[in-house]
Amino acid sequence: MKIRLEDTAVLPIRILGDPVLREPAAQVDAITDEIISLAAAMFRTMYEAPGIGLAAPQVGVGLRLICVDAGAEAKLSDGLCVVNPRITAAAGEEAGEEGCLSIPGVTGMVMRATHVTVEGLTLDGEALRADFEGLPARIFQHEIDHLDGILFIDYLPRLKRDLIKRRFRKRTLSQAS
Ligand code: NI
């Protein structure tokens, strides 16, 4: 499915401290026009940010939908948006630096599988099963974590994680006042 990015809105990205980022997302029951519009808007939002992956909870929608920019290694054709994605096989282990559009200005080293098999649905409603390695594999693991309310900072040493949370709590408070 071709997404016409010029037709879609850029959505506000939810920031650490927003409860929606910690709630498990619900399965998508049917790929309606709303889901396709949401995917298009997420894809545009990801590129405007700019980022290389985005999960629906990051734009305040508690549904299992992710967009991934797997760059030159892309094996999917429909803007790399996957509905109800699951990792069905994983192998290898490697530490790598991650960041997140919902936690701006923060990076950290996270252990991830080097090879994953992702299953889900395309926006056309077709079953999808694809293998990824390296950076795309890491992005899929990071984005699918978002659907379970897990953020990459959860894998960081506790001291560093607490420091980050405190910094964002202050930021939320100062924005509210
Ligand atoms: Ni993220």
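These remarks concern the structure in this document.

Cut-offs and rules
Residues numbered from 1 in each chain as written. Predicted model: local features only at pLDDT ≥ 70, side-chain atom pairs only at ≥ 80, totals over all residues. Heavy atoms only, no water. Helix = DSSP H or I, 4+ residues; strand = E, 2+ residues; numbered from the N terminus. Buried < 20%, exposed > 50% of the residue type's maximum accessible area, 1.4 Å probe, protein only. Contact = heavy atoms within 4.5 Å. Areas by Shrake-Rupley, 256 points an atom, 1.4 Å probe, with all protein chains shown as cover. Pairing = 2+ DSSP bridges. Axes fitted to C-alpha atoms, helices over the stretch in contact; angles between N-to-C directions. Donors = N, O, S within 2.8 Å, 3.2 Å for Na, K, Ca; no water. Core = buried A, V, L, I, M, F, W, Y, C linked by side-chain atoms within 4.5 Å. Disulfide = S-S within 2.5 Å.

Thoughts on the overall build of the chain
Part 1 of the argument: A count of helical and extended segments in the chain gives 3 helices and 7 strands.
Part 2 of the argument: In the chain, the order of α-helices and β-strands from amino to carboxyl end is α-β-β-β-β-β-β-β-α-α.
Part 3 of the argument: Out of the 177 residues belonging to the chain, those deemed buried represent 45%.
Part 4 of the argument: Relative to all contacts within the chain whose residues are 6 or more apart in sequence, the contacts with residues 24 or more apart total 67%.
Part 5 of the argument: Entry remark: accessible area of the chain is about 9,100 Å², with carbon and sulfur atoms responsible for 53%.

Here we look at the sheet that holds strand E6 (residues 115-121)
Part 1 of the argument: Spatial strand order, E1-E2-E3-E6-E7: 5 strands in an open sheet with antiparallel pairing. The sheet is open, and its two borders are formed by strand E1 (53-55) and strand E7 (127-133), each paired with just one other strand. Along the sheet, successive strands turn relative to each other by an average axial angle of 35 degrees, direction set aside.
Part 2 of the argument: As defined by bridge partners, strand E3 (residues 81-91) adjoins E6 across 6 bridges and the pair is classed as antiparallel. Residue pairing for E6: Val-83 is matched across the bridge by Leu-121.
Part 3 of the argument: Each of E1, strand E2 (65-68) and E3 touches helix H1 (residues 33-48); the most contacted strand, E2, lies at about 35 degrees to it.
Part 4 of the argument: Here helix H2 (residues 135-147) sits on the sheet in contact with E1, E2, E3, E6 and E7, set at roughly 155 degrees to E2.

Examining the coordination of the nickel ion
Part 1 of the argument: Protein-derived ligands of the nickel ion are Cys-100 (SG), His-142 (NE2) and His-146 (NE2), with the metal-ligand distances lying across 2.1 to 2.3 Å.
Part 2 of the argument: If you list the donors of the nickel ion from N- to C-terminus, the spacing comes out as C-x41-H-x3-H. One end of the pair, Cys-100, is in the loop between strand E4 (94-98) and strand E5 (108-112); the other, His-142, is in helix H2, with 42 residues separating them in the sequence.

Structural notes on the nonpolar core
Part 1 of the argument: If you look at the biggest cluster of nonpolar residues, it comprises 17 residues, and the most contacted ones within it are Ile-66, Val-68, Val-116, Phe-132 and Phe-140.
Part 2 of the argument: Secondary-structure elements contributing two or more residues to this core are E2, E6, E7 and H2.
Part 3 of the argument: Examining the composition of this core, we find that 5 residues originate from one element, H2, more than from any other.
Part 4 of the argument: Counting 15 residues, the second largest nonpolar core, distinct from the first, contains Val-28, Ala-39, Val-59 and Leu-123.

Examining the state of the cysteines
One way to say it: the disulfide is the covalent bond shared by the sulfur atoms of two cysteines.
Part 1 of the argument: For the structure shown, the criterion picks out 1 disulfide.
Part 2 of the argument: Each disulfide pairs two cysteine sulfurs, and for Cys-67 the partner residue is Cys-81, the sulfurs being separated by 2.5 Å. The S-S bond linking Cys-67 to Cys-81 shows a torsion near 90 degrees; that makes this disulfide right-handed. Remark: Cys-81 occurs in strand E3 and Cys-67 occurs in strand E2; sequence separation between them is 14 residues. As far as burial versus exposure is concerned, Cys-67 and Cys-81 are alike and both buried.

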